[in-house]
Amino acid sequence: MKRVAVLGATGSIGTQALEIIEAHPELELVAAASGSQQIDGLAPLTQVGGDLTELLERAEPDVVLNAVVGFAGLGPTLWTLERGVTLELANKESLVAAGELALAAQERGRGLLLPVDSEHSAAFQCLEGRPLETVYSLVLTASGGPFRGRNRDELTDVTPEEALAHPTWNMGPKITIDSATLANKGLEQIEAHFLFGLEYERIEVVVHPTSVVHALVRFRDGAALAHLGYPDMRVPISYALTYPERGATPVEPLDLAGGLVLEFETPDLETFPMLTLARRAGEQGGSYPCAYNAANEVGVAAFLEGGIRFPDIAVIVGETLEAVDGAPAHGYDDLIEADAEARRLAEQEVGALSRS
Ligand code: NAD
Ligand code: MG
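The structure reproduced in this document is the subject of the present report.

### Observations regarding the overall build of the protein
Stage number 1. The number of helices and strands found in the protein is 14 helices and 10 strands.
Stage number 2. Over its C-alpha atoms the protein spans a radius of gyration of 19 Å, differing by no more than 12% from the 21 Å that the globule rule assigns to 356 residues.
Stage number 3. Overall, the protein is about 55 × 50 × 40 Å in size when its C-alpha atoms are taken along their principal axes.
Stage number 4. For the protein, the residues scored as buried account for 57% of the 356 residues in total.
Stage number 5. A separation threshold of at least 6 residues defines the contact pool for the protein, and within that pool the share at least 24 residues apart is 68%.
Stage number 6. Approximately 15300 Å² of the protein is accessible, and the part contributed by carbon and sulfur atoms is 50%.
Stage number 7. Distance between charge centres in the protein, computed from 24 positive and 53 negative side chains, equals 3 Å.

Structure follows, in structure tokens:
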């Protein structure tokens, strides 16, 4: 039996994880948490809001599936890695914001860190057991979001409803906006850097509108291994939950003769500046990735509330990254402070933009 705690159990990832746990008698749901929605009776231990690490202390899980959205997932990520409990990570924001602290915690805890993000699950599978020096580069695919093919000016007046209409994936609102700005692929480059120990020159992003290829790894001999499948998060969630057995899922096998389209294009960096900003923040290191994430969370929330325009999200992130000192966080408190400072600067920027 694997004792599983699901954090973010009412979300898009969380509910799909519950479906998979339900289908596997060897997976036992011991705890479930949500941010604000009621979850009485869902698991022996449940919690709405509050300190997620207290729930984990009581639950003593073998596996934590962290499907909380945003920086709020940080505490459980560090708690789990520190103790050597297996971490199945959908909450990319915590790894982006606290990459170094998370890796140090994992080194002490010596537990497994399994990615749930589809591209990273795919990359993990293509890389598993292969020495890094044989890897030429990792290619992360992006659907391009609902605004692929538009130029900068055409994005000025897009509404939250338009931005929330993702072409290939059905996900929570925050990551759906991140997919529209391509901040999601920005966060994912930083996530990949910390997960796989690859420097940024070896992490590429390519637009692939049908989202069938989830990632490719190019090797030094000219070969590339790719991971294909329909865009369905139950596959990477199940892969992590049943690792290393690769349990069955109800997802259909690919219909190869049914008109599968595998097209790729380079991302439009001018229209989607969140990609370049992420790359730069990642390369600068220190607490720059934390600031990128914090300012993006503030920008996305302001856009969804109708306070700012879509392109302002990138303006807020760019200005915040200019204003922070980016000094490395030497511990948890330092990081919390870096996050808070970036949020304060980003809120100021939101104020200035909504008045103009
Ligand atoms: P969602 O908005 O659908 O669900 C978020 C969950 O987190 C909810 O259960 C909510 O109650 C909980 N939550 C929010 N704030 C909280 C807080 N302060 N404390 C405790 N719980 C809180 O989000 P989602 O789309 O399921 O995404 C979850 C995470 O997985 C994100 O980090 C996202 O980037 C990542 N991810 C999602 C997908 C996807 O297909 N949805 C794919 C890849 C990665
Ligand atoms: Mg992803």
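### Remarks on the pairing of strand S1 (residues 2–7)
Stage number 1. As paired elements, S1 and strand S2 (residues 27–34) share six bridges and run parallel to each other. When the sheet's bridge partners are listed, Val6 is paired in S2 with Ala32.
Stage number 2. Bridge analysis of S1 against strand S4 (residues 63–66) gives four bridges, and the strand direction is parallel. Note on S4: the bridge partner recorded for Ala5 is Val64.

### Quick look at the sheet that holds strand S8 (residues 203–207)
Stage number 1. If you walk across this open sheet you meet the four strands as S8-S7-S9-S10, and the pairing is mixed. The sheet terminates laterally at S8 and strand S10 (224–228), the two strands that pair on one side only. Shown here is a sheet whose adjacent strand axes are inclined to one another by a mean of 20 degrees, direction ignored.
Stage number 2. Looking at chain direction, strand S9 (residues 213–219) and S10 are connected through five bridges and run antiparallel.

### Details of the packing of helix H8 (residues 173–181) against helix H12 (residues 288–304)
Stage number 1. Contact geometry of H8 with H12 gives a least axis separation of 10 Å together with a crossing angle of 100 degrees. One way to sum up the angle between H8 and H12 is to call them roughly perpendicular. Residues Pro173, Lys174, Ile177 and Asp178 of H8 pack against Asn293, Asn296, Glu297, Val300, Phe303 and Leu304 of H12.

### Topic: the coordination of the magnesium ion (ligand 2)
Stage number 1. Donor atoms from the polypeptide that coordinate the magnesium ion (ligand 2) comprise Asp117 (OD), Glu119 (OE) and Glu188 (OE), at 2.0 to 2.2 Å from the metal.
Stage number 2. One chain supplies every donor for the magnesium ion (ligand 2), spaced along it as D-x1-E-x68-E.
Stage number 3. What makes Asp117 buried here is its relative accessible area of 7%.

### As for the sheet that holds strand S3 (residues 45–48)
Stage number 1. Spatially, the six strands line up as an open sheet ordered S3-S2-S1-S4-S5-S6, and their pairing is parallel. Looking at strand neighbours, the two that pair on one side only are S3 and strand S6 (113–115), the edges of this open sheet. The sheet shows a mean angle of 20 degrees between the axes of neighbouring strands, taken without regard to direction.

### Remarks on the site of ligand 1
Stage number 1. Neighbouring residues of ligand 1: 24 residues in total, closest Thr10, Ser12, Gly35, Gln37 and Glu93.
Stage number 2. For ligand 1, an oxygen atom lies 2.9 Å from a polar atom in the backbone of Ile13.
Stage number 3. Note that an oxygen atom of ligand 1 is positioned 2.8 Å from one of the side-chain N or O atoms of Gln37.
Stage number 4. Calculation on ligand 1 without its partners gives an accessible area of 830 Å², and the protein chains cover 86% of this total.
Stage number 5. Broken down by secondary-structure element, the contributors of at least two residues to the shell around ligand 1 are helix H1 (12–23), helix H4 (92–97) and H8.

Conventions adopted
- One numbering rule holds for all chains: residues counted from 1, following each sequence as written.
- Both sets of labels track the order of writing: A upward for chains, 1 upward for ligands.
- Reporting in this predicted model follows two pLDDT cut-offs: at least 70 for local features of residues, and 80 or more for side-chain atom pairs to be given and counted; totals over whole chains, interfaces and linings ignore these cut-offs and use all residues.
- Side-chain metrics in this entry use all non-hydrogen atoms of the structure; hydrogen atoms and water are not considered.
- Helix and strand assignments come from DSSP, with helices taken as H or I runs of at least 4 residues and strands as E runs of at least 2, each series counted from the N terminus.
- Here the globule rule reads 2.2 Å times residues to the power 0.38, and the radius of gyration is calculated from C-alpha atoms.
- Whether a residue is buried, partly exposed or exposed follows from its accessible area with a 1.4 Å probe, protein chains only, as a fraction of its type maximum: under 20%, in between, or over 50%, in that order.
- Here, two residues are considered to be in contact whenever any of their heavy atoms come within 4.5 Å of each other.
- Working definition of accessibility: Shrake-Rupley area with a 1.4 Å probe, residue cover restricted to the visible protein chains.
- This count recognises Lys and Arg as positive and Asp and Glu as negative, with His and chain-terminal groups excluded.
- Each charge is placed at NZ for Lys, CZ for Arg, CG for Asp and CD for Glu.
- Two strands pair under a simple rule: DSSP has to find at least two bridges between them.
- Comment: axis = line fitted to C-alpha atoms, over the contacting stretch for helices; angle = value between 0 and 180 degrees taken between N-to-C directions.
- Roughly parallel here means an angle under 35 degrees, roughly antiparallel means over 145, roughly perpendicular means 65 to 115, and every remaining angle is called oblique.
- For Na, K and Ca the donor cut-off is 3.2 Å, and for all other metals it is 2.8 Å, counting N, O and S atoms only; because water is absent from this set, sites may look incomplete.
- Put simply, a residue is near a molecule or strand once any heavy atom of it comes within 4 Å of that molecule or strand.
- Side-chain atoms alone can form a polar contact between residues adjacent in sequence; in general such a contact is a pair of N or O atoms within 3.5 Å, and within protein one must be able to donate a hydrogen while the other accepts it.

Treat this as a map of the structure, not an account of what it does.
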